[in-house]
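# Structural characterization, general
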Amino acid sequence: MKLFPVDAPGHEQVVRIEDPESGLRAIIAVHSTQLGPAAGGVRMRPYSSPEAALEDALRLSRGMTFKNAAAGLPLGGGKAVIDADPARQKTPEMLRAFGRAVEALEGRYWTAEDMGMTPQDMAEIGTQTAHVAGLADGAYASGDPSPITARGIFNAIGTAARHRFGSDDLSVRTVAVQGLGHVGWHLCDLLHSAGAQLVVTDVDAEQVGRAVESFGARLVGIDEIYGVKADIFAPCAIGAILNRNTIPQLKVGVVAGGANNQLATDEDGRRLHERGILYAPDFVANGGGIINVATEILRIDNRAAWVDEKLDALNRTMDRILTGAARRSVSPNEVAESIVAEILHKTAA
Ligand code: NAD
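From a predicted model like this one, the values you see are computed outputs, not experimental measurements.

Procedures and definitions
Residues numbered from 1 in each chain as written. Predicted model: local features only at pLDDT ≥ 70, side-chain atom pairs only at ≥ 80, totals over all residues. Heavy atoms only, no water. Helix = DSSP H or I, 4+ residues; strand = E, 2+ residues; numbered from the N terminus. Rg over C-alpha atoms; globule rule 2.2 N^0.38 Å. Buried < 20%, exposed > 50% of the residue type's maximum accessible area, 1.4 Å probe, protein only. Areas by Shrake-Rupley, 256 points an atom, 1.4 Å probe, with all protein chains shown as cover. Lys, Arg positive; Asp, Glu negative; His and termini not counted. Charge placed at Lys NZ, Arg CZ, Asp CG, Glu CD. Near = heavy atom within 4 Å. Polar contact = N/O pair within 3.5 Å; in protein donor to acceptor, adjacent residues only side chain to side chain. Nonpolar A, V, L, I, M, F, W, Y, C, P; charged D, E, K, R; others polar. Axes fitted to C-alpha atoms, helices over the stretch in contact; angles between N-to-C directions. Parallel < 35°, antiparallel > 145°, perpendicular 65-115°, else oblique. Left-handed = near helix turned anticlockwise from the far one by under 90°. Contact = heavy atoms within 4.5 Å. Core = buried A, V, L, I, M, F, W, Y, C linked by side-chain atoms within 4.5 Å. Domains from an automatic or database assignment. Salt bridge = Lys/Arg side-chain N within 4 Å of Asp/Glu carboxyl O. Pairing = 2+ DSSP bridges. UniProt positions renumbered as here; feature names shortened; annotations may be inferred.

## Remarks on the overall build of the chain
Looking only at helices and strands, the chain features eleven helices and 13 strands. Against the compact-globule benchmark of 20 Å for 349 residues, the chain has a radius of gyration of 20 Å, which places it among compact chains. Seen along its three principal axes, the alpha-carbon backbone of the chain occupies a region of about 55 × 50 × 40 Å. Per-residue burial for the chain yields a buried fraction of 52% across its 349 residues. Carbon and sulfur atoms provide 49% of the accessible area of the chain, an area that totals close to 15100 Å². For the chain, the separation between the mean place of its 34 positive charges and that of its 43 negative charges on side chains is 5 Å.

## Some words on the site of the ligand
Around the ligand lies a shell of 20 residues, among which Thr149, His182, Val183, Asp202 and Asn260 are the nearest. Measuring from an oxygen atom of the ligand, one finds a side-chain N or O atom of Asn260 at 2.8 Å. Isolated, the ligand exposes 840 Å² of accessible area, and the fraction of that covered by the protein chains is 73%. Taken together, the elements giving at least two residues each to the shell around the ligand come down to α4 (146–165) and α5 (182–193). A class-by-class count of the residues in the shell around the ligand yields nine nonpolar, nine polar and two charged.

## Remarks on the packing of α5 against helix α6 (residues 205–215)
At a minimum axis separation of 11 Å, α5 and α6 run at an interaxial angle of 15°. With respect to α6, the element α5 is oriented roughly parallel. Classified by chirality, the crossing of α6 by α5 is right-handed. Together, Trp185, Cys188, Asp189 and His192 of α5 and Gln207, Arg210, Ala211, Ser214 and Phe215 of α6 make up the contact between the two elements. Here the residues of the contact of α5 with α6 sort into four nonpolar, three polar and two charged.

## A few points about the nonpolar core
In terms of nonpolar packing, the biggest core is built from 64 residues, with Ile157, Val177, Leu191, Leu198 and Val200 touching the most fellow members. A domain split of this core shows at least three residues from each of domain 1 (2–65 + 76–125) and domain 2 (146–287 + 315–343). Each residue touching Leu191, except ones within four places of it in the same chain, is listed here: Phe154, Ile157, Leu170, Val175, Val177, Ala196 and Leu198. In this structure, Ile28, Val42, Ala101 and Met122 belong to the second largest nonpolar core, which totals 24 residues.

## Overview of the domain arrangement of the chain
Splitting the chain by domain gives domain 1 (2–65 + 76–125) and domain 2 (146–287 + 315–343). Measuring from the centre of the C-alpha atoms in domain 1 to the corresponding centre in domain 2 gives 29 Å.

## Let's talk about the side chain of Asp282
Considering the arrangement of structural elements, one finds Asp282 in helix α8 (residues 282–285). No salt bridge is formed by the buried Asp282; the nearest opposite charge belongs to Lys67, separated by 7.5 Å. Among the polar contacts made by the side chain of Asp282, one reaches the main-chain amide nitrogen of Gln262 at a distance of 2.7 Å. Not counting chain neighbours up to four residues away, the residues in contact with Asp282 comprise Ala259, Asn260, Asn261 and Gln262.

## Observations regarding the pairing of strand β2 (residues 13–19)
As defined by bridge partners, strand β1 (residues 2–5) adjoins β2 across four bridges and the pair is classed as antiparallel. Opposite Phe4, over in β2, you have Arg16 as the bridge partner. Alignment of β2 against strand β3 (residues 24–32), held across seven bridges, turns out to be antiparallel. Across the sheet, the residue bridging to Glu18 is Arg25, located in β3. Counting the residues that bridge the hairpin from β2 to β3 gives four residues, and of these Gly23 lies at a positive phi of roughly 85°.

## Here we look at the UniProt feature "binding site: NAD(+)" (unreviewed entry) in the chain
In this numbering, the UniProt entry assigns the feature "binding site: NAD(+)" (unreviewed entry) to Gly179, Leu180, Gly181, His182, Val183 and Gly184. Assignment of secondary structure puts Gly179 in the loop between β8 (174–178) and α5. When its relative accessible area of 6% is taken as the criterion, Gly179 is described as buried. By the element assignment, Val183 lies in helix α5. The contacts of Val183, once residues within four sequence positions are left out, are Ser146, Thr149, Ala150, Ile153 and Cys236.

## A closer look at the pattern of salt bridges
Taken as a whole, this structure holds 19 salt bridges when the rule is applied. Between Arg96 and Glu93 there is a salt bridge whose closest N-O contact spans 3.7 Å. With Arg96 and Glu93 both in helix α2 (residues 92–104), this residue pair falls three residues apart, about one helical turn. On the basis of relative accessible area, Glu93 is assigned to the partly exposed category, the value being 41%.

Pasting the structure below:
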């Protein structure tokens, strides 16, 4: 296993990893350790080129600096990508080689699950390094983060509803949910318990059937979800779904969901604002997941109380962002980014 430094302005450290024996080709990007060790998952997927893999790692690691700072965590931002098809190319040897690469960074980067990875994979990586979270077993194992992610999004929806409609009573609201996976399902459960009407979509027809049965949800096609007449749109599937094509279709007052990188471009944040749609920035709304993972990295003993406190603080941050956006009449994303810049500036001083 060999590590090669990559020059990436704006990032503290980026390494390319090659292990011909196991076939591992990976990148670990440490964007910032200003607030603490860089934490962020490892994603396994085939990339079209080495440049595309590097670009993904750089973008995602920067995003983790923002997410961790907004969640008030003493963690910096990092991310890793492994260029391989998880269904066909993942092997224990490859995961162990990746574990050795994480170990070589001597704790500057903590890894965890992301797309294409499982808790079992984390255990394999953990045979080579202690700097791994998202384990299924062990004293501080934090397990599946998605129920906590969903609680954070549910709070964000309530706060955004209060700002936009004057009340956080969701029993009078209709929420359109895109994606009924780990996060979307738990979110639907919380919304249903709060009395909200649900309109749902997913590419997985069985999962949609379960939601119709469990939550009395109304089903729409995957392209129809954007034009649904509802109060709130909660994207919980894929990124870049708020763009020049979808934003003109929206008939909601609020967008608040769990998917990462919902805005295709910064311009789309402004487009939503101009249409009078209140956008709860994704890296704040979905911070519950990293809060959950942080209990493992930081070895938190009183886990449930600590998570509750961090989720409350995250929601206060969302409130501050939406208040600031209304006062300055700008997109909440702009305010969220400036709040993170302020946190980083203060700790640098
Ligand atoms: P998941 O894979 O469990 O669920 C995604 C769901 O979206 C699946 O049911 C899939 O069939 C569906 N889907 C895919 N493409 C779709 C489309 N075009 N239209 C409608 N449905 C579609 O993933 P997850 O863990 O629930 O994560 C969902 C999103 O939230 C991702 O963007 C993820 O990065 C983000 N996120 C997740 C967590 C977490 O705790 N799991 C934390 C932070 C952010």
